[in-house]
Amino acid sequence: CHMAAPGKVAAFRLPPLPTIGEIIKLFRLKAQKQLSQNFLLDLRLTDKIVRHAGNLKNAHVCEVGPGPGGITRSILSAGVEQLLLIEKDARFIPGLQLLSEAAPGKVRVVHGDILTYKMEKAFPKHLKKNWEDEPPGIHIIGNLPFSVSTPLIIKWLENVSKKDGPFIYGRTQMTLTFQKEVAERLTANPGGKQRSRLSVMSQHLCTVENCFVIPGEAFVPKPEVDVAVVHFTPLVQPKIEQPFELVEKVVQSVFQFRRKYCFRGIETLFPESGRLKRTEQLMMTANVDPTLRPFQLSMSQFRNLCNTYRKMCDEDSSLFVYNYREELKQKKARKLLKSTEETEEENEL
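Remember, it's a predicted structure, so these values are computed and weren't measured experimentally.

Peer 1: Help me out: how do you make sense of the nonpolar core in this one?
Peer 2: Within soluble globular proteins, side chains that are nonpolar generally end up buried alongside one another. Within the largest apolar cluster, 63 residues are counted, with the highest numbers of intra-cluster contacts made by Trp156, Leu176, Phe178, Phe232, Ile266, Leu305 and Tyr309. Ranked by residue count, the leading element in this core is helix H11 (residues 299–315), at seven residues. Domain assignment of the residues forming this core places at least three in each of domain 1 (20–234) and domain 2 (244–328). Ranked by size, the runner-up nonpolar core spans 28 residues in total, among them Leu56, Ile75, Leu83 and Ile214.

Here it is, written out as structure tokens:
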């Protein structure tokens, strides 16, 4: 009889369970198109996703949208301390309860929506680390429905900026799936075709890695697109040290006309009266060439734009609340009213 290698702890093994395919049949689970659900049944791929999350031995993990539980099994096999499952679709809860019973004391199943779930209460307080320290032993993992992935990552980036939500514990790491095209946007460099608002918002707050691509045919049902796994680690120092709302407003404005020169989008930060003068002032102070396209701007140029815009807002408190689209709407309404009044006058005449 061979002795176990010294210092090696026996790996956690789930007892024999029905396969994911059997669970889907057993509970009559069909991926719903309107919820953009796609199941990943290949356990080699779910293991690979979990490996890219980092060392999960004795970690606390929150899995978002576990569905029939493919990635869930791989997470449990990685030897985690605790696993919190947040699933919105009630049809999957019985199958996840099966997994919970197979790993006593390790799994907590919550029937709820990740967009509203209070993540700041999800993990034990003793896991908290200072922001400057190494990331805590907490991970968020999820094969997200496409319809949820972009709003959710924007929400979590705001949480990173404010150090709240799941980041109240420190620099919590995330490993999430996205449509391949969205993943390319998240990781695109300046000058790249896919450089977008998402690239700047995520990269100014996190180290973002495009880990690997999963072909669409690995999913059931097969989506029209391939899927990429992306890993996020919040940065100790954000690249742009301004409030999230301000950075988002500047970045969104710049990318509003992505094919035009960047000054065209920057103009939309200012009310019509004095727009040109203020745009020139912002671009000159920030030292940004107005004839660059939005995707050509570097992170330090965005930093300069945000810092300069912040100073301008401090000098004129009405500036930050100004909304270009609102002004356009009011203009259209005034035009409509005017033409209605003219028509009525003509009719009277």
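From this point on, the discussion continues.
Peer 1: Just to check I follow, could you spell out the packing of aromatic side chains for this structure?
Peer 2: For any pair of aromatic rings, geometry is given as the distance between the ring centres together with the angle between the planes. The full count for this structure, using the stated rule, is five aromatic pairs. When the ring of phenylalanine 123 is compared with that of tyrosine 169, the centres are 5.4 Å apart and the planes differ by 85°; the resulting orientation is edge-to-face. Of this pair, phenylalanine 123 sits in the loop between strand E4 (107–111) and strand E5 (138–142) while tyrosine 169 is found in the loop between helix H5 (146–162) and strand E6 (173–179), placing the two residues 46 residues apart along the sequence. Across the pair, exposure class does not vary: phenylalanine 123 and tyrosine 169 are buried alike. Seen in terms of ring centroids, phenylalanine 270 and tyrosine 309 are 6.3 Å apart; in terms of plane orientation they differ by 70°. Their pairing is edge-to-face. Taken together, the positions of phenylalanine 270 in the loop between helix H9 (262–266) and helix H10 (275–286) and tyrosine 309 in helix H11 put the pair 39 residues apart, joining distant regions of the chain. Judged on exposure class, the residue phenylalanine 270 and its partner tyrosine 309 are both buried. We note arginine 91 situated over the ring of phenylalanine 92; from NZ or CZ to the ring centre the distance is 5.1 Å.

Peer 1: How should I be thinking about the side chain of arginine 171 in this particular structure?
Peer 2: Residue placement: arginine 171 occurs in the loop between H5 and E6. The buried charged residue arginine 171 lacks any salt bridge partner; its closest oppositely charged side chain belongs to glutamate 134, at an N-O distance of 4.9 Å. One polar contact links the side chain of arginine 171 to the main-chain carbonyl oxygen of tryptophan 131, over a distance of 3.0 Å. Those residues within four positions of arginine 171 in sequence are excluded, and the remaining contacts are Trp131, Asp133, Glu134, Pro135, Pro136, Thr233, Pro234, Leu235 and Val236.

Peer 1: I would appreciate a short explanation of the pairing of E6 in the present structure.
Peer 2: For a regular strand, the rule is simple: side chains alternate between the two faces of the sheet. When you tally the buried positions in E6, you get six out of seven residues, the bulk of the element. Both E5 and E6 contribute to a ladder of four bridges, which runs parallel. Residue pairing in the sheet places isoleucine 141 in a bridge with threonine 175 of E6. Once the chain exits E5 it traverses H5 before rejoining the sheet at E6, and the crossover so formed is right-handed. The pairing of E6 with strand E9 (residues 227–234) spans six bridges and is classified as antiparallel. Bridge assignment links threonine 175 to a residue of E9, and that residue is histidine 231.

Cut-off values and rules
Residues numbered from 1 in each chain as written. Predicted model: local features only at pLDDT ≥ 70, side-chain atom pairs only at ≥ 80, totals over all residues. Heavy atoms only, no water. Core = buried A, V, L, I, M, F, W, Y, C linked by side-chain atoms within 4.5 Å. Buried < 20%, exposed > 50% of the residue type's maximum accessible area, 1.4 Å probe, protein only. Helix = DSSP H or I, 4+ residues; strand = E, 2+ residues; numbered from the N terminus. Domains from an automatic or database assignment. Phe/Tyr/Trp six-rings, centres within 6.5 Å; stacked < 30°, edge-to-face > 60°. Lys NZ or Arg CZ within 6 Å of the ring centre and 35° of its normal. Lys, Arg positive; Asp, Glu negative; His and termini not counted. Salt bridge = Lys/Arg side-chain N within 4 Å of Asp/Glu carboxyl O. Polar contact = N/O pair within 3.5 Å; in protein donor to acceptor, adjacent residues only side chain to side chain. Contact = heavy atoms within 4.5 Å. Pairing = 2+ DSSP bridges. Right-handed = clockwise from strand over helix to strand, strands pointing away.

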